Amino acid sequence: MGLKEKKAARDFQENNLEDLKKKVFDAAKFEFEIEIDWDSLSVDNYAHLYSQTWTQIYFEPMIIAFSKMCADNFSQEAIQDDLKKVVIQNIGDISNANKYSSYSNGVLTLNHSSIANAENQIEDRAKALQDTVENAL
């Protein structure tokens with residue numbers, strides 16, 4: 001990861017992250033830890049896309065899925081009782097929505113290429129995330 005990538009990652013953290021986390025927490029109706037593996041998300045020569053693709057790949061699907069999953073009190077409470085943390089990473093450059101998420105021991109992991117299929121699979125990733133959590137609970 002070069003200087004451009006480091007700067008773009010820092011800019012995302014300083015200018016986008018808190019607002020996106022607030023939207024996720026508002027959708028879920030509770031807060032939880034969000035752990036981000038910045039090094040794995042940072043892909044050389046794509047720094048100019050980070051704010052767009054990271055939002056579309058990781059945060060927009062979470063906002064959609066949590067707003068659907070937590071729409072009723074019973075489901076929202078079940079998720080809140082179990083979910084402790086969300087881990088965001090790019091290990092293995094997965095670009096298929098069906099392999100986007102996993103859930104174990106209160107940890108929801110979103111593992112996806114940080115640049116591939118950004119805007120054309122938002123709904124697919126949201127559905128996969130929702131299915132993952134609902135099937136685990």
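You'll find the structure just up there.
Please read all numbers here as calculations on a predicted model, not as lab measurements. Once a new chain begins, its residue numbering starts again from 1 and follows that chain's sequence as written. In view of the model being predicted, local features appear only for residues whose pLDDT reaches at least 70, and side-chain atom pairs are presented and counted only at 80 or more, with totals across whole chains, interfaces and linings using the full set of residues. The side-chain numbers reported here are obtained from all heavy atoms of the structure, hydrogens and water having been left aside.

J.: Would you mind going over helix 6 (residues 122-136) with me for this structure?
T.: Because each turn of an α-helix spans 3.6 residues, side chains separated by three or four positions end up pointing in the same direction. Where helices and strands are cited, they refer to DSSP runs of H or I of at least four residues and of E of at least two residues respectively, numbered from the N terminus. Expected span of a helix, by definition, is 1.5 Å for each gap between consecutive residues, and there is one gap fewer than residues. The first and last C-alpha atoms of helix 6 sit 21 Å apart over 15 residues, in line with the 21 Å expected at 1.5 Å per residue. In what follows, a contact means two residues having at least one pair of non-hydrogen atoms within 4.5 Å. Packing partners of the buried residues in helix 6 comprise helix 4 (50-69), helix 5 (73-82), strand 3 (101-104) and strand 4 (107-111).

J.: Just checking my understanding: could you explain the sheet that holds strand 4 for this structure?
T.: Strands belonging to one sheet form pairs held by backbone hydrogen bonds; the direction of such a pair is parallel or antiparallel. Only strands joined by at least two bridges in the DSSP assignment are considered to pair. Read across the sheet, 4 strands follow the order 1-2-4-3 without closing on themselves; strand pairing throughout is mixed. Each end of this open sheet is capped by a strand with a single partner; those strands are strand 1 (33-36) and strand 3. Pairs of neighbouring strands in the sheet enclose a mean axial angle of 15 degrees, with direction left out of account. Pairing geometry for strand 2 (residues 85-89) and strand 4, over 5 bridges, is parallel. Among the inter-strand pairings, Val 86 is bridged to a residue of strand 4, identified as Leu 108. The convention used is that axes are lines fitted to C-alpha atoms, helices contributing only their stretch in contact, and that angles between N-to-C directions extend from 0 to 180 degrees. Contacts between helix 6 and the sheet are confined to strand 3 and strand 4, with strand 3 contributing the most and set at about 20 degrees to the helix.

J.: Help me out: how do you make sense of the packing of helix 1 (residues 3-15) against helix 4 in this one?
T.: Geometrically, a packed helix pair is captured by the angle between its two axes and the distance between the axes. Following both chains from N to C, one finds helix 1 and helix 4 inclined at 55 degrees, their axes separated by 10 Å at the closest point. With respect to helix 4, the axis of helix 1 lies oblique. Regarding helix 1 and helix 4, the two cross each other, and that crossing is right-handed. Counted together, Glu 5, Ala 8, Ala 9 and Phe 12 of helix 1 and Tyr 50, Ser 51, Trp 54, Thr 55 and Phe 59 of helix 4 form the full contact between these two elements. Polarity classes work like this: nonpolar for Ala, Val, Leu, Ile, Met, Phe, Trp, Tyr, Cys and Pro, charged for Asp, Glu, Lys and Arg, and polar for all others, with Gly in that last group. Residues belonging to the contact of helix 1 with helix 4 are distributed by class as follows: 6 nonpolar, 2 polar and 1 charged. Our angle categories are set so that under 35 degrees counts as roughly parallel, over 145 as roughly antiparallel, 65 to 115 as roughly perpendicular, and the remainder as oblique. Crossings are classed by handedness, with left-handed meaning an anticlockwise turn of the near helix from the far one by less than a right angle and right-handed meaning a clockwise turn.

J.: Would you take a moment to explain the pairing of strand 3 for this structure?
T.: If a strand is regular, its side chains alternate between the two faces of the sheet. Under the scheme applied here, a residue whose accessible area is under 20% of the maximum for its type counts as buried, over 50% as exposed, and between as partly exposed, the area being computed with a 1.4 Å probe on protein chains only. Burial of strand 3 is one-sided: the residues Ser 101 and Tyr 103 facing one way are buried, the residues Ser 102 and Ser 104 facing the other way are not. As defined by bridge partners, strand 3 adjoins strand 4 across 4 bridges and the pair is classed as antiparallel. When the sheet's bridge partners are listed, Ser 104 is paired in strand 4 with Val 107. Between strand 3 and strand 4, which pair antiparallel and follow one another directly, the connecting turn spans 2 residues, one of which, Asn 105, has a positive phi of 50 degrees.

J.: Would you mind showing me how to read the environment of Asp 93 here?
T.: Topologically, Asp 93 is positioned in the loop between strand 2 and strand 3. Residues Asp 93 and Ser 113 lie 20 residues apart in sequence; the distance between their C-alpha atoms is 4.3 Å. Think of a polar contact as two N or O atoms within 3.5 Å of one another; within protein, one of them needs to be a possible hydrogen donor and the other a possible acceptor, and neighboring residues in sequence only count if both atoms come from side chains. Reaching out from Asp 93, the side chain makes a polar contact with the side chain of Asn 90 at a distance of 3.1 Å.

J.: Before we go on, may I ask you to explain the packing of helix 4 against helix 6 in this structure?
T.: Closest axis-to-axis distance for the helix 4/helix 6 pair is 8 Å, and the angle between their directions is 55 degrees. Taken together, helix 4 and helix 6 sit at an angle that is classed as oblique. When you trace helix 4 past helix 6, the crossing you get is right-handed. Between helix 4, through Gln 56, Ile 57, Glu 60, Pro 61, Met 62, Ile 64, Ala 65, Lys 68 and Met 69, and helix 6, the contact on the second element is made entirely by Ile 122, Glu 123, Arg 125, Ala 126, Leu 129, Gln 130, Val 133 and Glu 134. Of the residues that constitute the contact of helix 4 with helix 6, the class distribution is 10 nonpolar, 2 polar and 5 charged.

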